[in-house]
Protein chains: 2
Amino acid sequence: MSEADNRIQDWVENIFRGDVRAISRAITAVENRDSDSHALLKLLFPRTGKAALIGITGPAGAGKSTLVDGLAALMRNQGHSVGILAIDPSSPFSGGAILGDRIRMQAHAAASDIFIRSMATRGALGGISSATLDAAMVLDAAGKDFILIETVGVGQDEVEIIRLADITLVLSIPGTGDDVQAFKAGIMEIADIFVLNKSDLPGADRVEQEIRSLLSLAPESQAWRPEIIRTVATRQEGLENLWQAITRYLAFSRERGIFDDRRREHWQARIMSLLQSRLLDQLLRNALPDGALSEYAAQVASRQSDPYEITDLILKQSGHLNP
Amino acid sequence: MSEADNRIQDWVENIFRGDVRAISRAITAVENRDSDSHALLKLLFPRTGKAALIGITGPAGAGKSTLVDGLAALMRNQGHSVGILAIDPSSPFSGGAILGDRIRMQAHAAASDIFIRSMATRGALGGISSATLDAAMVLDAAGKDFILIETVGVGQDEVEIIRLADITLVLSIPGTGDDVQAFKAGIMEIADIFVLNKSDLPGADRVEQEIRSLLSLAPESQAWRPEIIRTVATRQEGLENLWQAITRYLAFSRERGIFDDRRREHWQARIMSLLQSRLLDQLLRNALPDGALSEYAAQVASRQSDPYEITDLILKQSGHLNP
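About the thresholds
Numbers given to residues run from 1 along each chain, matching the order in which its sequence is written. Note on labels: chains are lettered from A, ligands numbered from 1, in written order. In keeping with the predicted nature of the model, local features appear solely for residues at pLDDT of at least 70, side-chain atom pairs appear and are counted solely at 80 or more, and the whole-chain, interface and lining totals rest on all residues. Note on conventions: DSSP H or I runs of at least 4 residues are helices, E runs of at least 2 residues are strands, and numbering of each starts at the N terminus. It is the C-beta atoms, placed from the backbone, that decide contacts: two residues are in contact if theirs lie within 7 Å. Expected helix span is given by 1.5 Å per residue-to-residue step, counting one fewer step than there are residues. Here a residue counts as buried when 20 or more other C-beta atoms fall within 10 Å of its C-beta, as exposed when 12 or fewer do, and as partly exposed in between; the C-beta atoms come from the backbone. We call a set of buried Ala, Val, Leu, Ile, Met, Phe, Trp, Tyr and Cys residues a nonpolar core when their C-beta atoms link them within 7 Å. pLDDT measures the predictor's confidence residue by residue and takes values from 0 up to 100. Axes, fitted as lines to C-alpha atoms, cover a helix only where it is in contact. Angles between the N-to-C directions of the axes lie from 0 to 180 degrees. What sets the label is the angle itself: under 35 degrees gives roughly parallel, over 145 gives roughly antiparallel, 65 to 115 gives roughly perpendicular, and the rest give oblique. In this scheme the crossing of two helices becomes right-handed for a clockwise turn of the near helix relative to the far one and left-handed for an anticlockwise turn of less than a right angle. Note on residue classes: Ala, Val, Leu, Ile, Met, Phe, Trp, Tyr, Cys and Pro are nonpolar, Asp, Glu, Lys and Arg are charged, and everything else, Gly too, is polar. Two strands pair if DSSP finds at least two bridges between them. What the arc measures is the spread of directions leading from the helix axis to the C-beta atoms.

Chemist: Please explain the overall build of chain A as it appears in this structure.
Modeler: Along chain A, the regular secondary structure elements total 13 helices and seven strands. Intrachain contacts of chain A at a sequence separation of at least 6 include 76% that bridge at least 24 residues.

Chemist: It is not clear to me how helix H4 (residues 64-77) of chain A should be interpreted in this structure. Could you clarify?
Modeler: Residues lying three or four places apart along an α-helix face the same way, a consequence of the helix completing one turn every 3.6 residues. Residues and elements named next belong to chain A. Here H4 contains 14 residues, and its C-alpha end-to-end distance of 20 Å stays within 8% of the 20 Å for a straight helix at 1.5 Å per residue. Listed as buried for H4 are Lys64, Ser65, Leu67, Val68, Asp69, Gly70, Leu71, Ala72 and Met75. Of the residues one or two after H4, Gly79 is the one with positive phi, at around 95°.

Chemist: Looking at this structure, I do not really get the environment of Met75 of chain A. What am I missing?
Modeler: All names here are of chain A. Looking at where Met75 falls in the secondary structure, it is placed in helix H4. Look at Met75 and you get buried, because 20 C-beta atoms sit within 10 Å. A C-alpha to C-alpha distance of 24 Å links Met75 and Leu44, two positions 31 residues apart in sequence. In contact with Met75, not counting residues within four places along its chain, are His80, Val82, Phe146 and Trp243.

Chemist: Would you mind showing me how to read the environment of Leu41 of chain A here?
Modeler: All names here are of chain A. Checked against the element boundaries, Leu41 lands in helix H3 (residues 37-44). Sequence separation of Leu41 and Val138 is 97 residues, and the distance between their C-alpha atoms is 7.5 Å. Each residue touching Leu41, except ones within four places of it in the same chain, is listed here: Val30, Asp134 and Met137.

Chemist: Sorry if this is basic, but what is going on with the nonpolar core here?
Modeler: Here is a general trend for soluble globular proteins: nonpolar side chains tend to be buried in one another's company. Counting 69 residues, the largest nonpolar core has Ile54, Ile84, Val138, Ile147, Leu148, Ile149 and Val195 of chain A as its most contacted members. In terms of residue count, helix H6 (residues 128-141) of chain A provides more of this core than any other element does, eight residues in total. Not counting residues within four places of it along the chain, the set of residues in contact with Val138 of chain A comprises Ile15, Ile23, Ala26, Ile27, Val30 and Leu44 of chain A. The next biggest cluster of nonpolar side chains, apart from the first, holds 68 residues, and it includes Phe115, Leu164, Val170 and Ala233 of chain B.

Chemist: Which parts of the structure should I look at to understand the confidence of the model for chain A?
Modeler: Atomic detail in the predicted coordinates should be set aside for any region of low pLDDT. Residue and element names in this part refer to chain A. The predicted model of chain A has a mean per-residue pLDDT of 83, with 80% of residues at 70 or higher. The low-confidence segment residues 90-99, where pLDDT is below 50, has 24 contacts with residues more than four positions distant or belonging to other chains. The complex prediction reports pTM at 0.78, with the ipTM value standing at 0.83.

Chemist: When you look at the environment of Pro202 of chain B in this model, what are you seeing that I'm missing?
Modeler: Note on placement: Pro202 of chain B falls in the loop between strand S6 (193-196) and helix H9 (204-215). In the structure, Pro202 of chain B is positioned 10 residues away from Asp192 of chain B in sequence and 25 Å away in space, judged by C-alpha atoms.

Chemist: Looking at this structure, I do not really get unusual backbone geometry. What am I missing?
Modeler: Excluding glycine, residues mostly have negative phi values, and the peptide bonds linking residues are mostly trans. Residue and element names in this part refer to chain A. Located in the positive-phi region is Gln236, a residue other than glycine, with phi close to 55°. Structurally, Gln236 is set in the loop between strand S7 (227-230) and helix H10 (239-255). A positive phi is found at Arg303, a non-glycine position, where the angle reads about 60°. Of the residues examined, Arg303 has 12 C-beta atoms within 10 Å and is grouped as exposed.

Chemist: Just to check I follow, could you spell out the packing of helix H2 (residues 20-31) of chain A against H3 of chain A for this structure?
Modeler: Two quantities define a packed helix pair, namely the angle between the axes and the distance from one axis to the other. All names here are of chain A. Direction vectors running N to C along H2 and H3 enclose 125°, while the axes themselves pass 9 Å from each other. Classified by the interaxial angle, the pair formed by H2 and H3 is oblique. By crossing handedness, the relation of H2 to H3 is classed as left-handed. Contact with H2, carried on its side by Ala26, Ala29 and Val30, involves Ser37, Leu40 and Leu41 of H3 and no other residues of that element.

Chemist: Hey, could you run me through the packing of helix H1 (residues 3-16) of chain B against helix H2 (residues 20-31) of chain B in this one?
Modeler: All names here are of chain B. Contact pair H1 / H2: the axes reach a minimum separation of 8 Å and the direction vectors enclose 115°. The hand of the H1/H2 crossing is left-handed. Facing H1, whose interface residues are Trp11, Asn14 and Ile15, H2 presents Ala22, Ile23 and Ala26. Among the residues forming the contact of H1 with H2, the class breakdown is five nonpolar, one polar and no charged.

Chemist: Would you mind showing me how to read the pairing of strand S5 (residues 167-172) of chain A here?
Modeler: On a regular strand, one side chain projects to one face of the sheet and the next to the other, so that they alternate. Residues and elements named next belong to chain A. Within S5, six of the six residues are buried, which leaves it mostly tucked inside the rest of the structure. Of the two faces of S5, the one lined by Ile167, Leu169 and Leu171 and the one lined by Thr168, Val170 and Ser172 are each fully buried. Pairing of strand S1 (residues 52-58) with S5 involves four bridges; the strand directions are parallel. Its bridge partner being in S5, Thr57 is matched across the sheet by Val170. In this sheet, strand S6 (residues 193-196) lies alongside S5 in parallel orientation, the contact comprising four bridges.

Chemist: Which parts of the structure should I look at to understand the pairing of strand S1 (residues 52-57) of chain B?
Modeler: Taken across its six residues, S1 of chain B has six buried, putting it largely inside the fold. Burial along S1 of chain B is two-sided: Ala52, Ile54 and Ile56 of chain B and Leu53, Gly55 and Thr57 of chain B, pointing in opposite directions, are all buried.

Chemist: Help me out: how do you make sense of helix H10 (residues 239-256) of chain B in this one?
Modeler: Residues and elements named next belong to chain B. If you check H10, its first and last C-alpha atoms are 26 Å apart, about what 18 residues at 1.5 Å a residue would give, namely 26 Å. Within the span of H10, buried status applies to Leu239, Leu242, Ala245, Ile246, Tyr249 and Ser253. The buried residues of H10 occupy one face: seen down the axis, they fall within an arc of 115°. Exposed residues lying more than 90 degrees from the buried face of H10 are Gln244, Ala251 and Glu255. Those residues of H10 hidden inside the fold are in contact with S1, helix H4 (64-77), strand S5 (167-172), S6, strand S7 (227-230) and helix H11 (258-287). The first or second residue beyond H10 is Gly257, which carries a positive phi of 85°.

Shown next as structure tokens:
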């Protein structure tokens with residue numbers, strides 16, 4: 001065994017033991033797609049599959065972090081180990097994500113088994129969904145029972161992450177009808193549980209009514225009717241109810257085979273995405289000399305050629321264009 | 001020329017003439033990746049490149065639609081033709097997008113040359129950014145001078161669209177510091193102009209100050225210092241200023257070569273994405289029998305194999321694994 005192999009083997013053992021530094025370094029490695037990350041994930045993989053992935057989404061200002069932190073603390077008090085991945089729309093030049101983590105970490109100082117990590121939405125090579133799901137795999141291998149993945153917004157990449165979770169919570173808050181409507185509409189079908197946070201604010205009944213009427217439009221065939229749970233996360237109200245709804249859904253979904261179906265769908269999507277990036281990497285490395293791509297792009301920008309012709313040309317030259 | 005070719009040729013001519021029905025059908029075709037869409041885009045392409053793409057993003061409730069509609073009306077009054085693409089987080093079962101379009105269309109009833117179309121965030125084969133940019137190409141070929149692309153949220157796919165626009169406006173509103181902060185941080189670097197909408201509300205000065213202090217963190221080397229423009233879109237206030245700032249930026253960016261650089265970057269990204277989907281399509285069609293992928297996914301889900309091994313296997317079997 002080479003020295004590099006030994007080093008990775010040690011690293012993997014430390015992750016299995018739940019060592020926080022080893023976990024952190026592994027997440028950084030998968031985020032940056034370091035040369036080690038592939039070997040690492042391959043070694044971690046056989047020990048994964050036990051953690052349940054909980055996706056939590058909702059608009060900015062809905063109190064996601066507070067809710068997630070409260071839920072994580074409750075789970076821990078019930079004897080479960082928990083990891084949190086927060087997908088953070090932070091900027092390289094504000095450094096917000098790292099600062100935020102420190103503050104949240106301190107709140108959980110007593111709970112060394114709650115691991116919190118922000119994933120930057122930008123700069124992740126190969127896409128945020130891939131990096132986040134790899135990070136979840138690291139936490140899974142480290143023995144976490146539950147991994148909470150927290151996202152803002154309704155971008156396709158985030159919908160992807162949420163769709164690949166085992167259960168999805170969608171947060172709403174009382175507020176202007178427009179916001180809630182716009183947000184809910186996009187994310188509606190993927191919600192297994194609706195969380196109505198800040199439910200002590202005026203307008204909570206109206207929002208609940210809106211969710212119910214949207215739900216009534218869903219096809220009857222839907223196996224699970226999403227529950228609506230009211231919370232006031234800042235006062236830890238409703239978290240116990242939410243936790244019970246989560247365990248109810250997970251039991252239902254395992255029993256009906258939905259859980260396994262989702263997991264197969266998850267892996268099918270990930271195999272396709274691995275194939276896609278491997279194919280492109282290989283093509284760029286083997287068939288395109290340095291600078292060729294930007295030369296082609298300039299030709300298209302000046303309308304000397306069209307992007308479809310260029311694509312055909314590249315595929316033909318590389319022997320990838322089958323009839 | 002075959003009958004199909006004739007039909008597509010007629011369609012293309014109608015698009016060049018700016019026929020609304022032909023444009024609508026073309027956008028639907030690219031959204032669904034109809035079999036015709038490739039041939040159509042190829043024929044449209046030589047007439048594209050003249051329209052300026054304006055990306056507008058901001059949180060739900062910031063008044064994007066009102067601002068975009070007002071800006072479009074102002075541009076039209078100055079003799080420009082305008083298209084609007086609104087990326088709408090709508091659900092297949094709420095049907096919100098279509099309804100919304102009708103309402104907005106009516107507001108522009110007098111202005112038959114403003115074309116408005118919502119693009120659903122989900123269900124677009126091959127991703128929303130690809131479908132939206134193809135739709136923009138249709139409008140470009142139809143002779144629109146400006147295409148306004150309006151998006152919610154901070155997902156990676158939306159950032160992609162905005163990044164590929166010729167100019168990007170980021171909307172903020174006075175409100176809770178957290179919201180604005182979280183939103184701005186993610187989108188900060190891609191803003192060419194900050195629009196402070198609803199600037200008659202209390203707290204506008206504070207938000208402007210926040211934006212200024214975030215901007216002061218930006219590297220000095222940045223060629224363009226983003227302007228901050230205050231608007232009250234519901235009363236058409238500040239739109240004239242905003243329009244002037246847009247033309248100022250476009251003149252600056254053309255003069256400095258930023259405009260052309262962005263366009264080349266745009267086409268490079270799109271060629272890569274075309275290559276990626278062509279490669280995967282080909283692999284799935286030629287090298288994987290029906291059901292093979294879901295069988296592989298099941299093996300991974302049950303940990304009989306790992307996703308990297310499966311990917312290698314598929315690439316090897318299909319002759320795509322070069323050493």
